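# Per-entry structural report
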Amino acid sequence: MTYELPDLPYDYDALEPAIDARIMELHHDKHHQGYVDGANSALEKLQSMREGGDFGDIKGVERNLAFNLSGHVNHTVFWRNMSPDGGGEPGGELADAIEERFGSFDGFKRHFSEAAKGVEGSGWGMLLYDHLGDQMIVGIAENHQNQTPQGTTPLLVLDVWEHAYYLQYENNRGEYVDNFWDVVNWDDVAQRYDDCKGRTIQ
Amino acid sequence: MSQELPPLPYDYDALEPSISEQVLTWHHDTHHQGYVNGWNSAEETLAENRESGDFGSSGSAIRNVTHNGCGHILHDLFWQNMGPEGGDEPTGALADRIEEDFGSYDAWKGEFEAAAKNASGWALLVYDSFSNQLRNLVVDKHDQGALWGSHPILALDVWEHSYYYDYGPARGDFIDAFFEVVDWEEPSRRYEQAVEIFE
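Thresholds applied
Residue positions within a chain follow its written sequence, with the count starting from 1. The lettering of chains begins at A and the numbering of ligands begins at 1, in the order of writing. Local features in a predicted model are, by the rule used here, given only for residues with pLDDT of at least 70; side-chain atom pairs are given and counted only at 80 or more, and totals for whole chains, interfaces and linings are based on all residues. Note: side-chain values were computed over all heavy atoms of the structure, leaving out hydrogens and water. Domain start and stop positions are those given by an automatic or database domain assignment. The contact rule is simple, with two residues in contact once any of their heavy atoms fall within 4.5 Å. Put simply, buried area is how much 1.4 Å-probe accessible surface two parts lose in total, over both of them, once they are put together. By definition here, a salt bridge exists when the distance from a side-chain nitrogen of Lys or Arg to a carboxyl oxygen of Asp or Glu is within 4 Å. The definition of a polar contact used here is a pair of N or O atoms within 3.5 Å, where within protein one atom must be able to donate a hydrogen and the other to accept one, and adjacent residues in sequence count solely through side-chain atom pairs. Helix and strand definitions follow DSSP, with helices as H or I runs of at least four residues and strands as E runs of at least two, each counted in order from the N terminus. In this classification, the charged set is Asp, Glu, Lys and Arg, the nonpolar set is Ala, Val, Leu, Ile, Met, Phe, Trp, Tyr, Cys and Pro, and all remaining amino acids, among them Gly, are polar. Buried, partly exposed and exposed residues are distinguished by accessible area as a fraction of the type maximum, computed with a 1.4 Å probe on protein chains only: under 20%, between the cut-offs, and over 50%, respectively. The directions considered for the arc run from the helix axis to the C-beta atoms. Here the rule is simple: two strands pair whenever DSSP picks up at least two bridges between them. Angles run from 0 to 180 degrees between N-to-C directions of axes, and those axes are lines fitted to C-alpha atoms, restricted for helices to the stretch in contact. Like-charged residues are merged into a patch within 9 Å and nonpolar side chains (Val, Leu, Ile, Met, Phe, Trp, Tyr) within 5 Å, provided each residue has over 30% relative accessible area and no salt bridge. For the accessible areas, the method is Shrake-Rupley and the probe is 1.4 Å, while residue cover comes only from the protein chains on display. Neither His nor the chain ends is counted toward charge; the positive residues are Lys and Arg and the negative residues Asp and Glu. Just so you know, the charge point we use is NZ for Lys, CZ for Arg, CG for Asp and CD for Glu. What makes a nonpolar core is a set of buried Ala, Val, Leu, Ile, Met, Phe, Trp, Tyr and Cys residues whose side-chain atoms join them at distances within 4.5 Å.

A few words on the domain arrangement of chain A. All names here are of chain A. Here the domain parsing of chain A yields domain 1 (21-80) and domain 2 (92-196). Averaged C-alpha coordinates put domain 1 and domain 2 at centres separated by 22 Å. Between domain 1 and domain 2, the residue contacts involve 16 residues of the former and 21 residues of the latter. Between domain 1 and domain 2 the total buried area reaches about 1500 Å² when both faces are included, carbon and sulfur atoms providing 69% of it. Of all residues in domain 1, Ile23, Asn74 and Phe78 give up the largest surface area on contact with domain 2, accounting jointly for 38% of the area buried on that side. The interface formed by domain 1 and domain 2 holds 0 salt bridges in total. Summed over the shared surface of domain 1 and domain 2, the result is 7 residue pairs in polar contact (both at pLDDT 80 or more). Only helix H1 (21-52) and helix H2 (58-80) provide two or more residues apiece to the side of domain 1 that touches domain 2. Broken down by element, the residue count for the side of domain 1 that touches domain 2 peaks at 10 residues, all from H2. Here the side of domain 1 that touches domain 2 is built from residues that sort into 8 nonpolar, 6 polar and 2 charged.

Have a look at this one:
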């Protein structure tokens, strides 16, 4: 299959004032598109390698696939994780599971925020579903794919690459992370949790 | 020893239009300062742990030394290898060595630009003291992609904080603009020093 850039589920300015329209436009139209193109290009090269039998640059192409496809996955989830009607706290089963796993919603929020603020360089703060432990964990991804535990599915992700906030927040990543909570779409996170729950790997 | 942030060797607006006064101010005063602080703080943790005999946090403090230390070292060079009078090609012994090790200045520059486009940290021209030659490196963050025994000669910061405010996603334009202000005096000095020590 060929990957395609999904439309944003809202207007560029819909998340203001948490994230301004210019950032959303560049972020979606340029950066995310770049990862989609990069993933497709890597897949094409792998196809050519299989057909031609020359796997000379296999390491470089696999590296590009991991980077760009992970970039595509993370951004696809990120857009849907946010909404102009977002904010507040989760409800239902997700709320119970967060409380059970992290002690309280505030405990989770603090943990996730500190992880996002603490990313060295470009990367993501992530709430992940761990299919081996059948439980949620908080993780940090550097770039898009590095130091991610295997066998996990992203439920809630926060992009802390500088392109995600610099034009609006300058070097103040902390304020960006704090404002992110105002636009989190908990319905989307709950749906993702529901899709993962109980689906374990042996 | 405690690390200190050296002042920029020129005014904050000296590299315009290649790098804006605003970007240089943030970059030097907050980002670079942060690495200096981070390095000092990690050293303090290590010293305290050695004194108390509890080494629980020493592993991650050593990582913090590497991350922040490399951040400080590379920014320190980056400021010095640019200047308002820059924009020329290298001359003298370094120019000859670039031609010898890369074939030509243009071949070196093409490879260095490719490194800068590939990195999520830095493109570096280094003197590799193991092989006794110059080479380009792709560095992620400040410390990933290093080659042991290599000494940075020329550094180009391609973290997004280095250009995003001026160029948005157009990193290629920033790389072109860097060559308008590159100053080869410090790289030449470092190269000659490396040759003296290692050859």
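From this point, the discussion proceeds with the structure in view.
Glancing now at helix H6 (residues 173-180) of chain A. All names here are of chain A. By the burial criterion, the buried members of H6 are Arg173, Tyr176, Val177 and Phe180. The buried residues of H6 all sit within an arc of 100° when viewed along its axis, so they share a single face. If you follow the buried residues of H6, they end up packed against H2, helix H4 (105-117), strand S3 (152-159) and helix H5 (166-169).

Now for the interface of chain A and chain B. Listed as interface residues are 14 residues of chain A and, on the opposing side, 15 residues of chain B. Of all residues in chain A, A:Glu120, A:Glu162 and A:Tyr166 bury the most surface against chain B, accounting for 37% of the area lost on that side. The interface formed by chain A and chain B holds 2 salt bridges in total. Mapped by element, the contributors of at least two residues to the side of chain A that touches chain B are H1 and H5 of chain A.

Attention now moves to the sheet that holds S3(A). Residues and elements named next belong to chain A. Pairing is antiparallel across the open sheet formed by 3 strands, whose spatial order is S2-S1-S3. The strands lining the two open edges of the sheet, one partner per strand, are strand S2 (135-142) and S3. Neighbour to neighbour, the strand axes of the sheet diverge by 25° on average, direction disregarded. Where strand S1 (residues 123-130) and S2 come together, 8 bridges link them in antiparallel fashion. Counterpart to Gly125 in the pairing with S2 is Ile140. Running at roughly 80° to S2, helix H3 (residues 92-102) makes contact with S1 and S2 of the sheet.

Further remarks concern a negative patch on the surface. Residues and elements named next belong to chain B. A cluster of acidic residues, Asp11, Asp13, Glu16 and Glu21, forms a negative patch at the surface. Tracing the backbone through its elements, the reader meets Asp13 in the segment before helix H1 (21-52). Of the residues examined, Asp13 reaches a relative accessible area of 39% and is grouped as partly exposed.

Locating A:Asp188 in the fold gives a position in helix H7 (residues 186-196). Residues in contact with A:Asp188, not counting those within four places in the same chain, are A:Val77, A:Arg80 and A:Asn81.

Most often, soluble globular proteins have nonpolar side chains that are buried together. Counting 52 residues, the largest nonpolar core has A:Phe108, A:Met136, A:Leu156, A:Tyr176 and A:Trp186 as its most contacted members. Shared between two domains, this core takes at least three residues from each, and those domains are domain 1 (21-80) and domain 2 (92-196) of chain A. Excluding anything up to four places from it in sequence, A:Leu156 contacts A:Asn81, A:Phe108, A:Phe112, A:Gly125, A:Met126, A:Leu127, A:Phe180, A:Trp181, A:Val184, A:Trp186 and A:Val189. B:Ala116, B:Leu134, B:Phe174 and B:Ala194 belong to the second largest nonpolar core, which has 48 residues in total.

With the rule as written, the count across this model stands at 12 salt bridges over all chains. A:Arg192 is paired through a salt bridge with A:Asp188; the nearest N and O atoms lie 2.8 Å apart. In this pair, A:Arg192 and A:Asp188 are both assigned in helix H7, 4 residues apart and thus about one turn of the helix distant. Across the pair, exposure class does not vary: A:Arg192 and A:Asp188 are buried alike. Residues B:Asp128 and B:Arg135 are paired through a salt bridge, measuring 3.0 Å at the closest nitrogen-oxygen approach.

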